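# Overview (structure and organization)
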Number of protein chains: 4
Amino acid sequence: MVVMTPTASEAEIEAVVRRLEAAGVHAKVMPGELTTAIGAIGDPEGVRALALEGMAGVDQVIPISRPYKLASSELSHHEPTLVRVDGRVVGGNETFCLIAGPCTVESREQTLAVARAVKEAGASMLRGGAFKPRTSPFSFQGLGQPALEILREAREATGLPVVSELTDAAHAEAMAEVVDVIQVGARNMQNYGLLEVVGKLGKPVLLKRGLSSTVDELLMAADYILKEGNGDVILCERGIRTFETATRFTLDLGAVPYLKLHTHLPVIVDPSHASGDRRLVEPLSRAAAAVGADGIIVEVAVDPEAALCDGPQQLHAGDFQRFADSVAGHASLVGRVLA
Amino acid sequence: MVVMTPTASEAEIEAVVRRLEAAGVHAKVMPGELTTAIGAIGDPEGVRALALEGMAGVDQVIPISRPYKLASSELSHHEPTLVRVDGRVVGGNETFCLIAGPCTVESREQTLAVARAVKEAGASMLRGGAFKPRTSPFSFQGLGQPALEILREAREATGLPVVSELTDAAHAEAMAEVVDVIQVGARNMQNYGLLEVVGKLGKPVLLKRGLSSTVDELLMAADYILKEGNGDVILCERGIRTFETATRFTLDLGAVPYLKLHTHLPVIVDPSHASGDRRLVEPLSRAAAAVGADGIIVEVAVDPEAALCDGPQQLHAGDFQRFADSVAGHASLVGRVLA
Amino acid sequence: MVVMTPTASEAEIEAVVRRLEAAGVHAKVMPGELTTAIGAIGDPEGVRALALEGMAGVDQVIPISRPYKLASSELSHHEPTLVRVDGRVVGGNETFCLIAGPCTVESREQTLAVARAVKEAGASMLRGGAFKPRTSPFSFQGLGQPALEILREAREATGLPVVSELTDAAHAEAMAEVVDVIQVGARNMQNYGLLEVVGKLGKPVLLKRGLSSTVDELLMAADYILKEGNGDVILCERGIRTFETATRFTLDLGAVPYLKLHTHLPVIVDPSHASGDRRLVEPLSRAAAAVGADGIIVEVAVDPEAALCDGPQQLHAGDFQRFADSVAGHASLVGRVLA
Amino acid sequence: MVVMTPTASEAEIEAVVRRLEAAGVHAKVMPGELTTAIGAIGDPEGVRALALEGMAGVDQVIPISRPYKLASSELSHHEPTLVRVDGRVVGGNETFCLIAGPCTVESREQTLAVARAVKEAGASMLRGGAFKPRTSPFSFQGLGQPALEILREAREATGLPVVSELTDAAHAEAMAEVVDVIQVGARNMQNYGLLEVVGKLGKPVLLKRGLSSTVDELLMAADYILKEGNGDVILCERGIRTFETATRFTLDLGAVPYLKLHTHLPVIVDPSHASGDRRLVEPLSRAAAAVGADGIIVEVAVDPEAALCDGPQQLHAGDFQRFADSVAGHASLVGRVLA
């Protein structure tokens, strides 16, 4: 939709129409009370490429169709995508996927202890960071390859599939050997090279929303993975950056039902990173279940106060059974069982 | 806490100490590895008034104590405040207050029909706008005084207490005669004259968070009302303005448990204005119950598609019983019954 | 422009058309490749009132014409408005208005000293707060009426017109007797009662942008004043609230040329409140002149480090001549002389 | 600085002190009127790793020293860094670096024509995209390697050093052979793998601020490059994401003088991407010069209305001489000559 300025001349209107038609786009002129609008009917990419905003007399070009394609439940799959991970189903409105584990793999003992605790409480998968992206180069960056070995052992000990973040394409092969679900972190949501790499790995992907990305941009990022032929993408709302600093980020739970209306992909929630405060993680986890998310991903520690990374937001393993039951109760009210 | 620059001289440090001590504030110098910090121990208002940031060698002045007082559960009341409205209790973690009604009072028939429908479904109070603040002066501004008469009749017909927004101190008396809970809208959260007026009216106040106000600012605004001797203040999270435009505002549900940690006042949630889309109101209402809010305030219409104001976000009266039951289920899981 | 969902039925499209036509709005159906759009040609207010977003099959309603009217240079005045204040011209691209003075009137001596210093350096007007809106009720709120007397004396002593903020309609008459330009502060930009009051006072108004208001909302707020018949409105960009906390607010200088394209009203900039740091005020003042603003409003103090309010952002009176010359140099490069 | 809650017990305070001292950090207890604060004097990284926020009785942990190191003018270099690119000096307050060229290299003719036009008008360097990161995978992604050949030819023809963006570590070697300054785009500011790669390339780096990154995070990202031994980092403000959508991003010009206070690295401004509208680029470029930036980077096209990418924001080559003179005038007023 091309909106002309109130003072646009006939000649300027015609020039826009000509450029549209020269590009094979059908143009429909709509004279309004104040301004004339021109509907451009055809391939949205093609219209964008015409850069009509630069033409004389043009006030605004307003895209009418949504900018993502493969992730759209309106344009592509009308049925919800079910991502299957070693028997667990994510997506489809009947299951709730509880992913839990340490922020970072710090040692074999710590990781196995947490893995056993969350398994016992009914968790669906184990999370744990091997490579950590840190804002400052002087912070702890994760154990790397040894962490992957520990995660492999934890999976064998508990049977839980493992979720871990890929921060660099160079680690993709090593990670794909061990990890069941490849996580793309918020800071890499628009790292398009990495998205294409994970699109080709043939593993389910957990794609976190960038901390200042719109949900439309999240869906366009998913398109990067989907177009490589990998349909197993799980979206994750993890809090956005706003003016409010009382909580670390602002968890955008309204994005969950919005996404469920517009995409066929599963949507889970990460309340740990959003809040940065253990006391908020449980209420927000219950809310995520109640709002209709397909799951949550939370951080758990045996002794969170001694953890090297993100300690204040980690749940206590000793309290995890009660936590899981409480969240499962709300999931059950909306017709879901733990995956 | 006054932090000096790394290059601050001894004389500059001493000048800060002298100014603090001259104002009766105790100063504690703490030389660090890189910078020297000076702890200022005394009345925070007094320290702020010294404007130390302007002094040579001062890098930052970081307030350590929180800026609100009367609303604080740490400094004032340690027990939750229970606001009682005609027998209904708001606050205190045992009840859930369901406030429902039309966005705007448009006619007697419409208002009575909605009031009866929400009463039957178990609502705790009736909401309805008599005076509407509108962004453009050319939009419908509410019926005014006649709307108050209709609300009075609806209260008599249903027994539901009435919540309505005060937009101008000039209407305070007229409104106080009819309305049980005076609402201060988001755009007026920092209209300090109005806050003092409602502080003196002797009626419970529903104070909405400004659309770009931090929760600390919300609590300072509550202080304006509390200091007039009116202790019956109900806080309301209603969505904040962020970069995301998929939903009208971003509902900050993390603010609810944060507020419950730091204030004794009840906290409710308005999912209707936050989302601007009926299809999101129910999931967000369930989430508000699950996150531990003391209630919600939602818009309901008999025929929302014909409503003059904010139609797309209004729930259907015909579906309200099912909606109320669903929300009450989640409230019940966290130990609450409908107020 | 009404955009239907890709799956909207013919009947749903027709229902929208019928509702538009029943309201006297002309509807133009435009079937697209993916979705059908319906152009609604007529009064935008009327279309909004139809609440089409609530109808079955409707995906989005996108307003095409801009929401402000009287402030628009496209719909109302095509020529720039010149606001004349005691001989000084604000607006019109040939003058630059330098408004300076203390944040708050604290004493007769302080105010007169600053007034004389800024007059000598070439300032166009004197600013000074009599009533101060403060976030916390426990902060200093201004001297009130005695401050107005001091401002009157400063005007007589220097010949400078006086700008001061009206925070409460109750002070309007008293203020109009003394003050030459009535300021509406950022926190009151959407206090519509107050806007109508200043619209009727018959004095030029300096309207500050709300700290989280869009420029379109600023122009709609100006419409509230303009529709009362008061055409002398000066807009003021003063920084918006964003995620960045290094500066107090984020000064949106891009808003200045944007506003100059879309409104006939003068636009000035307040770099003092935006930055909260004296060391940034001068660079931002130069930038405001270079970007094409019609003026700036800055805080100046004889001894800023002792000021009761907002000390760290106030310029030193002793350095003000150099400051003014530097800013005037940049204004001169874009063809402006000090007003 | 560790702030305890008002109700923290003596034992809780002692536990914090013990944990600090066990980690070799000196602790200073400061009992206040309302709360006790504990100053932690030692390595900030070490203190952060202790995760004290998780301990009983702890309310907040407030970092006092700034989180970046190598980029700091307080902790590292006290003198401004001068980045020398083929004889041009960036940084140091005496030069102004004018980088101009097409958004994307689309053809040999287009690129050479623009290169010659900007060279003639006094530009310091040529910009041009070979690989473009695009939000949607279906948008034009740049010519890739052939674009590098065209840039090499343009450099030979004009003598202008070339700036181009690296989007993927896989292209680093190819790019380093041709390009004089490697740009890291906003979406990759926290792509730490890429930062380390460019840190090792031995070429000057132009590091753009992430669209929702704070200036502190920008400086921490610079630390990633600096710690690899590459000291030639040029920072670039290019607009941040805020609630305002009238302009594409909000150009944060206040960040420029803030950065000049806290870092020794040069700071330039990109007004083209920030505004997305040619009519705003010139005013904002003048403002960037006036605010004290070390340069700007702008997009220029021979026929911007036909450009495949970002057309509406590109300046006209035919008008570029006048543009450059106007910007240079403001730079000259603050004591700078074109680099």
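Because the structure is predicted, anything quoted here is derived from the model rather than measured.

Of regular secondary structure, chain A possesses eleven helices and 16 strands. When the backbone C-alpha atoms are referred to their principal axes, chain A occupies close to 75 × 40 × 40 Å. Across the 339 residues in chain A, those meeting the buried criterion constitute 64%. Look at the contacts in chain A between residues 6 or more apart in sequence, and 69% of them connect residues 24 or more apart. For chain A, the exposed surface amounts to about 10600 Å²; the carbon and sulfur share of it is 50%.

The interhelical angle for the contact between helix 8 (residues 255-262) of chain A and helix 10 (residues 278-291) of chain B, taken along N-to-C directions, is 135°, at an axis separation of 9 Å. The angle between helix 8 of chain A and helix 10 of chain B falls in the class oblique. Of the two possible hands of crossing, helix 8 of chain A and helix 10 of chain B adopt the one that is right-handed. Taking contact as the criterion, the partners of Pro257, Tyr258 and Leu261 of chain A in helix 8 of chain A are, on helix 10 of chain B, Arg279, Leu280 and Pro283 of chain B. Here the residues of the contact of helix 8 of chain A with helix 10 of chain B sort into five nonpolar, no polar and one charged.

Time to look at the sheet that holds strand 2 (residues 26-31) of chain C. Residue and element names in this part refer to chain C. Ordered by their spatial adjacency, four strands build an open sheet running 2-3-1-4, and the pairing between neighbours is antiparallel. Unpaired on one side and paired on the other, strand 2 and strand 4 (58-61) mark the two borders of the sheet. Within the sheet, the average angular offset between the axes of one strand and its neighbour, ignoring direction, is 20°. In this structure, strand 1 (residues 2-4) lies alongside strand 3 (residues 36-41), joined through two bridges in antiparallel fashion.

In this model helix 11 (residues 320-333) of chain B runs 20 Å from its N-terminal to its C-terminal C-alpha over 14 residues, within 8% of the 20 Å that 1.5 Å per residue would give. Immediately beyond the C-terminal end of helix 11 of chain B, within one or two residues, lies glycine 335 of chain B, with a positive phi of roughly 85°.

Residues and elements named next belong to chain D. Of note, alanine 123 is situated in the loop between helix 3 (108-120) and strand 8 (125-127). As a C-alpha pair, alanine 123 and arginine 155 span 32 residues in sequence and 13 Å in three-dimensional space. Among all residues touching alanine 123, those that are not within four sequence positions of it are Leu98, Val118 and Leu160.

Looking now at the side chain of serine 73 of chain D. Residue and element names in this part refer to chain D. For serine 73, the location among the structural elements is in the loop between strand 4 (58-61) and strand 5 (83-85). In this structure the side chain of serine 73 is engaged in a polar contact, spanning 3.4 Å, whose partner is the backbone oxygen of leucine 261. Looking at serine 73, its side chain comes within polar contact range of the main-chain nitrogen of threonine 263, at 3.5 Å. Apart from residues lying up to four places away in sequence, serine 73 is in contact with His78, Leu261, His262, Thr263 and His264.

Okay, the packing of aromatic side chains next. Following the criterion strictly, the structure yields eight aromatic pairs over all chains and no others. On the basis of an interplanar angle of 15° and a centroid distance of 4.4 Å, the ring pair of tyrosine 192 of chain A and tyrosine 224 of chain A is categorised as stacked. Taken together, the positions of tyrosine 192 of chain A in helix 6 (residues 192-200) and tyrosine 224 of chain A in helix 7 (residues 215-226) put the pair 32 residues apart, joining distant regions of the chain. On the basis of relative accessibility, which here comes to 9%, the residue tyrosine 192 of chain A falls in the buried class. Here arginine 238 of chain C stacks its cationic end above the ring of phenylalanine 249 of chain C, 4.4 Å away from the centre of that ring.

All names here are of chain D. Helix 7 (residues 215-226) packs onto helix 6 (residues 192-200) with a crossing angle of 45° between their chain directions and a minimal axis gap of 7 Å. As judged from the angle between their axes, helix 6 and helix 7 are oblique. Seen from helix 6, the contacting residues are Tyr192, Leu195, Glu196, Val198 and Gly199; seen from helix 7, they are Ala221, Tyr224 and Ile225. Of the residues in the contact of helix 6 with helix 7, the class split is six nonpolar, one polar and one charged.

Within the chain, aspartate 86 of chain C stands out as a residue other than glycine whose phi angle is a positive 50°. By the secondary structure assignment, aspartate 86 of chain C is in the loop between strand 5 (83-85) and strand 6 (88-90). On the basis of relative accessible area, aspartate 86 of chain C is assigned to the exposed category, the value being 53%. Although it is not a glycine, asparagine 93 of chain D adopts a positive phi angle of roughly 70°. Relative to the elements of secondary structure, asparagine 93 of chain D occurs in the loop between strand 6 (88-90) and strand 7 (95-101). According to the relative accessible area criterion, asparagine 93 of chain D is partly exposed, its value standing at 38%.

A word on the sheet that holds strand 2 (residues 26-31) of chain A. All names here are of chain A. Strand order in this open sheet of four strands is 2-3-1-4, and the pairing throughout is antiparallel. Whereas interior strands pair on both sides, the edge strands pair on one side only; in this sheet they are strand 2 and strand 4 (58-61). The sheet shows a mean angle of 20° between the axes of neighbouring strands, direction not considered. Sheet strands in contact with helix 1 (residues 10-22) are strand 1 (2-4), strand 2, strand 3 (36-41) and strand 4, and its direction is about 5° off that of strand 3.

The next thing to look at is the environment of aspartate 86 of chain A. The spacing of aspartate 86 of chain A and methionine 125 of chain A is 39 residues in sequence and 9.7 Å in space, taken between C-alpha atoms. Apart from the residues within four sequence positions on either side, aspartate 86 of chain A is in contact with Gly159 and Pro161 of chain A.

Looking at chain A as a whole, the pLDDT averages 90, with 95% of positions reaching at least 70. Listed scores for the predicted complex are pTM 0.88 and ipTM 0.90.

All names here are of chain D. Compared with the 18 Å implied by 1.5 Å per residue over 13 residues, the 18 Å span of helix 3 between its first and last C-alpha is a close match. Buried residues along helix 3 sit in contact with strand 7, strand 8, helix 4 (145-158), strand 14 (295-301) and helix 11 (320-333). Just beyond helix 3, the residue with positive phi is glycine 122, at close to 105°.

Oppositely charged side chains can pair when the atoms bearing their charge come close. All chains considered together, the criterion is met by 81 salt bridges over all chains. Between glutamate 153 of chain B and arginine 108 of chain B there is a salt bridge, with its nearest N and O atoms 2.5 Å apart. In this pair, glutamate 153 of chain B is assigned in helix 4 (residues 145-158) and arginine 108 of chain B in helix 3 (residues 108-120), connecting sequence segments 45 residues apart. Taken together, the salt bridges that share partners define one network made up of Glu196, Lys200, Lys227 and Glu228 of chain A.

This brings us to the environment of glutamate 106 of chain A. Mapped onto the elements of the fold, glutamate 106 of chain A is located in the loop between strand 7 (95-101) and helix 3 (108-120). Along the chain, glutamate 106 of chain A and proline 146 of chain A lie 40 residues apart, while their C-alpha atoms are 9.7 Å from each other.

The subject of this paragraph is the pairing of strand 7 (residues 95-101) of chain C. Residues and elements named next belong to chain C. Burial within strand 7 is extensive, with seven of its seven residues counted as buried. Residues Thr95, Cys97, Ile99 and Gly101 line one face of strand 7 and the alternating positions Phe96, Leu98 and Ala100 line the opposite face, and both faces are buried. Across two bridges, the pairing between strand 7 and strand 16 (residues 337-338) is parallel. The residue bridging threonine 95 from the neighbouring strand is valine 337, located in strand 16.

Attention shifts here to the state of the cysteines. Under the counting rule described, the total for this entry stands at zero disulfides over all chains. Looking at cysteine 236 of chain B, it has no disulfide partner, and the nearest cysteine sulfur is the one in cysteine 97 of chain B, 11 Å off.

Calculation criteria
The written sequence of each chain sets the order in which its residues are numbered from 1. Key to labels: chains lettered from A, ligands numbered from 1, both in the order written. Where local features are concerned, this predicted model is filtered to residues with pLDDT of at least 70; where side-chain atom pairs are given and counted, the filter is 80 or more; whole-chain, interface and lining totals use all residues. Heavy atoms throughout the structure, all of them, feed into the side-chain values; hydrogens and water do not. Only DSSP runs of H or I reaching four residues or more are called helices, and only runs of E reaching two or more are called strands; each is numbered from the N terminus. Relative accessibility under 20% of the residue-type maximum defines a buried residue, over 50% an exposed one, and the middle range a partly exposed one, all with a 1.4 Å probe and only protein chains included. Here, two residues are considered to be in contact whenever any of their heavy atoms come within 4.5 Å of each other. Note that accessible areas follow from Shrake-Rupley with a 1.4 Å probe, and for residues the cover is restricted to the protein chains shown. Lines are fitted to the C-alpha atoms to define the axes, a helix being fitted only along its stretch in contact, and any angle between axes, read from their N-to-C directions, falls within 0 to 180 degrees. In what follows, roughly perpendicular refers to angles from 65 to 115 degrees, roughly parallel to angles under 35, roughly antiparallel to angles over 145, and oblique to any angle outside these ranges. Left-handed describes a crossing in which the near helix is turned anticlockwise from the far one by less than a right angle; the clockwise case is right-handed. Nonpolar residues are Ala, Val, Leu, Ile, Met, Phe, Trp, Tyr, Cys and Pro. Charged residues are Asp, Glu, Lys and Arg, and all others, Gly as well, are polar. Strands qualify as paired when DSSP identifies two bridges or more between them. Here the expected length of a helix is defined as 1.5 Å per residue gap, with one fewer gap than residues. Here a polar contact is taken to be a pair of N or O atoms separated by no more than 3.5 Å, where protein atoms must pair a possible hydrogen donor with a possible acceptor and residues adjacent in sequence count only if both atoms sit in side chains. For Phe, Tyr and Trp, rings pair up if their centres lie within 6.5 Å, where Trp contributes its six-membered ring, and each pair is then called stacked (planes under 30 degrees apart), edge-to-face (over 60) or tilted (otherwise). Cation placement over rings: the criterion is NZ of Lys or CZ of Arg within 6 Å of the ring centroid and within 35° of the ring normal. In predicted models, pLDDT denotes the confidence assigned by the predictor to each residue on a 0 to 100 scale. Any Lys or Arg side-chain nitrogen found within 4 Å of a carboxyl oxygen on Asp or Glu counts as a salt bridge. Two cysteine sulfurs form what is called a disulfide whenever their separation falls within 2.5 Å.

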